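Residue strings, one per chain:
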Amino acid sequence: MIQNKYRVHAYPKQKLSRNDKSEKWGRECVDWVIQASSANKYSNYTKIKANYDLYNSIIDAEDFKYVTNPYGVDQNFPARLHNYNIITPKINLLAGEEIKRPFNFRAVAVNNEAVSQMQEKRKQLLMEYLEAELLADLQMQGVNIQDPSAMEAMNPAQIEKYMNYSDNDVRESTANKLLNYFIKKQNLEFKFNKGFKDALISDKEYYYIGVDGDEPYVEVINPLDFDYDIDPDLDFIQDGQWARHTKYMTPNQALDEYHKDLKDSDIAMLDGWGVEGTTGNIANLAINNTAWVTNFNRPGNGTYIPVTRVEWKSMRKIGYLKYYDENFEEQETIVDETYKPNKEDGETIEWDWISEVWEGTKIGEGIYVRIRPKRVQYRSIDNPSICKLGFVGTTYNSRNSESTSLIDLVKHHQYLYNIIMYRMEMEIAKAKGKKMVMDLAQIPRSEGIDLEQWMYYFDSVGIAFINSFEEGSGNLGAGKASTFNQFTAIDMSLSQSVGQYIGILNKIEEQCETLMGVSRQRQGAISSNETVGGVERAVVQSSNITEPIFYMHNEVKKHVLTHLIEAAKVVLPENKKINFILDDMTRIFLEISEEFINADYGVFITNSAKEVKALEDLRAMAQQAAASGLMTLTDLITIFDSNSMADIKSTVQNSEAKQEEAKQQEYEARMQEIQAQSEADRQLQMELQDRLDEREYIKGALALEREQVKALGFAQDQDINNNNVPDVLEAEKLVQSKKNTMIKWNLKIESLM
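If you're wondering where the values come from, they're calculated on a predicted model, not measured in any experiment.

K.L.:
Teacher, can you tell me more about a negative patch on the surface here?
P.N.:
On the surface, Asp212, Asp214, Asp256 and Glu257 cluster together into a negatively charged patch. Mapped onto the elements, aspartate 214 comes out in the loop between β2 (204-212) and β3 (215-221). Accessibility expressed as a relative area gives 36% for aspartate 214, which makes it partly exposed.

K.L.:
Would you explain unusual backbone geometry in this entry?
P.N.:
If a residue is not glycine, its phi is most likely negative; likewise, a peptide bond is most likely trans. The backbone of serine 57 sits at a positive phi, close to 60 degrees, despite the residue not being glycine. Mapped onto the elements, serine 57 comes out in the loop between α3 (41-55) and α4 (65-68). In this structure, phenylalanine 328 is a non-glycine residue whose phi angle is positive, near 60 degrees. Here phenylalanine 328 is to be found in the loop between β6 (305-324) and β7 (330-336). Residue classification places phenylalanine 328 among the exposed residues on the basis of a relative accessible area of 72%.

K.L.:
Whenever I open this one, empty space enclosed by the protein confuses me. Can you help?
P.N.:
Here the idea is plain: a probe the size of a water molecule rolls over the atoms and shows the empty space left. Inspection of every chain in the model, using the stated rule, returns 2 cavities of 30 Å³ or more. Counted as a void, the largest cavity has a volume near 50 Å³. Every residue lining the largest cavity is listed: His245, Lys247, Met249, Glu257, Tyr258, Val307 and Arg309. Of all the secondary structure elements, the ones that give two or more residues to the lining of the largest cavity are β5 (242-249), α10 (251-258) and β6. By residue number, the principal contributor to the lining of the largest cavity is β5, which donates 3 residues. Per-class residue counts for the lining of the largest cavity are 3 nonpolar, 1 polar and 3 charged. Quantified by volume, the second largest cavity comes out at close to 30 Å³. Leu16, Ser17, Arg18, Lys21, Met315, Arg316, Lys317, Asp336 and Glu337 together form the lining of the second largest cavity.

K.L.:
What exactly am I supposed to notice about the pairing of β5 here?
P.N.:
It is a general feature of regular strands that their side chains alternate between the two faces of the sheet. β5 sits mainly inside the fold: 7 of its 8 residues count as buried. As judged from the 3 bridges shared by strand β4 (residues 226-228) and β5, these two strands associate in the antiparallel manner. Among the inter-strand pairings, aspartate 227 is bridged to a residue of β5, identified as arginine 244. Judged from the 8 bridges that link them, β5 and β6 form a sheet pairing that is antiparallel. Note that in β6 the partner of threonine 246 across the bridge is threonine 308.

K.L.:
I would appreciate a short explanation of the packing of helix α5 (residues 88-100) against helix α9 (residues 188-202) in the present structure.
P.N.:
The geometry of α5 relative to α9 is characterised by a closest axis approach of 10 Å and an angle of 150 degrees between their N-to-C directions. Taken together, α5 and α9 sit at an angle that is classed as roughly antiparallel. Relative to α9, the crossing made by α5 is right-handed. Residues Ile91, Asn92, Leu94, Ala95, Glu98 and Ile99 of α5 form the contact with α9, whose own contacting residues are Phe192, Asn193, Phe196, Lys197, Leu200 and Ile201. Residue classes in the contact of α5 with α9 are distributed as 8 nonpolar, 2 polar and 2 charged.

K.L.:
Just checking my understanding: could you explain the packing of aromatic side chains for this structure?
P.N.:
Two numbers describe a pair of aromatic rings. These are the distance of the centres and the angle of the planes. Within the structure shown, the criterion is met by 18 aromatic pairs. Taken together, Tyr206, Tyr208, Tyr217, Phe226, Tyr228 and Phe391 form an aromatic cluster joined through their ring pairs. The ring of phenylalanine 550 has arginine 101 lying over it, and the distance from NZ or CZ to the ring centre is 3.9 Å. Lysine 317 extends its terminal NZ or CZ atom over the ring of tryptophan 351, reaching a point 5.0 Å from the ring centre.

Procedures and definitions
Residues numbered from 1 in each chain as written. Predicted model: local features only at pLDDT ≥ 70, side-chain atom pairs only at ≥ 80, totals over all residues. Heavy atoms only, no water. Patch = residues over 30% accessible without salt bridge, like charges linked within 9 Å, V, L, I, M, F, W, Y side chains within 5 Å. Areas by Shrake-Rupley, 256 points an atom, 1.4 Å probe, with all protein chains shown as cover. Salt bridge = Lys/Arg side-chain N within 4 Å of Asp/Glu carboxyl O. Lys, Arg positive; Asp, Glu negative; His and termini not counted. Charge placed at Lys NZ, Arg CZ, Asp CG, Glu CD. Helix = DSSP H or I, 4+ residues; strand = E, 2+ residues; numbered from the N terminus. Buried < 20%, exposed > 50% of the residue type's maximum accessible area, 1.4 Å probe, protein only. 1 Å grid on protein atoms, 1.4 Å probe; cavity = no way out; pocket = protein on both sides within 12 Å on 5 of 7 lines; lining within 4 Å. Points joined across faces, edges and corners; volume = space filled by probe spheres on them. Nonpolar A, V, L, I, M, F, W, Y, C, P; charged D, E, K, R; others polar. Pairing = 2+ DSSP bridges. Axes fitted to C-alpha atoms, helices over the stretch in contact; angles between N-to-C directions. Parallel < 35°, antiparallel > 145°, perpendicular 65-115°, else oblique. Left-handed = near helix turned anticlockwise from the far one by under 90°. Contact = heavy atoms within 4.5 Å. Phe/Tyr/Trp six-rings, centres within 6.5 Å; stacked < 30°, edge-to-face > 60°. Lys NZ or Arg CZ within 6 Å of the ring centre and 35° of its normal.

From the geometry alone we can't say anything about function, so treat these as descriptive.
Right, dumping it as structure tokens:
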């Protein structure tokens, strides 16, 4: 009935000029989207709400009346049915793994002009390398190079690394710095984890990229309050025809957010919201369904107003204008539908219709604000007709069937688990141990023992007094002796069914682990008889089962970051200066340039299980390398602080380069030491040879003097030189001087050897 009620209205005509799109037309579009999204909202809401309740261990006892009270008896049973949660730990495990996964991204310019410019830059760097090689050859041939700096250029390997791994383009550098800024300021890692948990619970992950002033922001959308055009071939909601998000606000919250757009009559309507008899009463919502309205009431004592934000794709007429510039070269640009070409100047125009996203907000029943074309049109520079909604996300596992979350897969297993636990609790409540059956008529009342005294003796002494000839009275025996003599014991201890129930519970848990892909080994429950290899294989297989969920989550994150950059291109003013601090306390300065605005960007994310395992292995190897002295403590800290394989690889390469440089310096120092020692030995050898030569000279002179003395004979008074000193004395003094000199030279030579 609801579906027929809200599908009878045709989609408002969209191929209209901007002047024909009136306020009334905008309201009709907003109402149509709200009605179209409400057709199947109740059943979808009920399913998702039940999943969130089950995650939080909340169940409706009325759903289990067929188990807890199958006969409709108004009596209290000795057990109550509770939710014994076996799902939430597995959901929390996957959410925790998402937090620990590295969040590595890179924004690149993807439009044709940007790609062409980067190719030209690669060509320029290669030409500089060839020019430097030519100048080096000329210098070796003796040619004087006036500008030595021209010989400094990157080699082909360095060029390839620079182009592939560096932000070599100012636009890409700005985009990546902006993403880092938004991640820190808006706490995007927390928001992405929140959205991932929504996907695990409800199979839906939705975000909204909006604008607050001159800065874009990311908002996590509650799956309970969102709907979109469910195209059977639609993978991501931003590619759909329309989307609707409803918030529930107090009147003052609505006033705070939309006060610039509200008229006095609108504010008066907000002021009377919730008062019986006014047009703002929540009971007068468009869908007249009490259960649906009740479910949409949020916890609290205030009265909430539904504020519905709508986006849809309309059509816009544009023209491709061809004209001639001052150099008489033909140029082409895009003009509005109101443009009149100047045919005398040779202008020609080709008209076309392209998509354009509109937005509008409905507050309560009759307040419409912000019906307009979106300020940020997420469109491509190369193809202006491609534009996307501001809502980003996806519905998991929805191809050709109703979408199913992890909780949907094991919801009935959880219910069965609760029922088995209830049955087991009933068995425990019935366990009373062994009991005795006897006839009350045989209590020896004739001996003054009543029932209370009999119970006292039975409990304290352990003796049951009876009188088999005791005559009954009243209703017990009416004067007749009891004929009952079958005293028996009843075993009311725990039955074997408890063990059977425990076996069933273990089987249910195993089925949940298999369906969800979260094994006990992955949760850390490892038995003593398991091998290390077996545990590793179990964890790897478990990760393979859940990896498609992480992959799709990464795709959503990629689209969110791309939308964020595209919104920043439009709303951030040119020359805006930004500075922020990274995790390593590095300060980053950023200035928005014109080049950043004139490009399309694509964001690429690496976050696979393979990379996570590689990071863990590399960190373990880095610890061993640091312990062996192959890596410094600073490099080890850098590796542990990084979540990027590229950064770790660069750190290892730099560490190896430092090691090689240190070895080279040590080798050069050793060679210099050896050369210095050789030079010292050579000098010592030369000095020794000089001393030996001088000693031989002195020995020859001494021999000559000795021969001269012999030639003088015994002419002691002879004085040839007439110096009044006999020549014999002069010869003796000379010989003694030569001996003293010879002794000194021998001592010196011995000290050198």
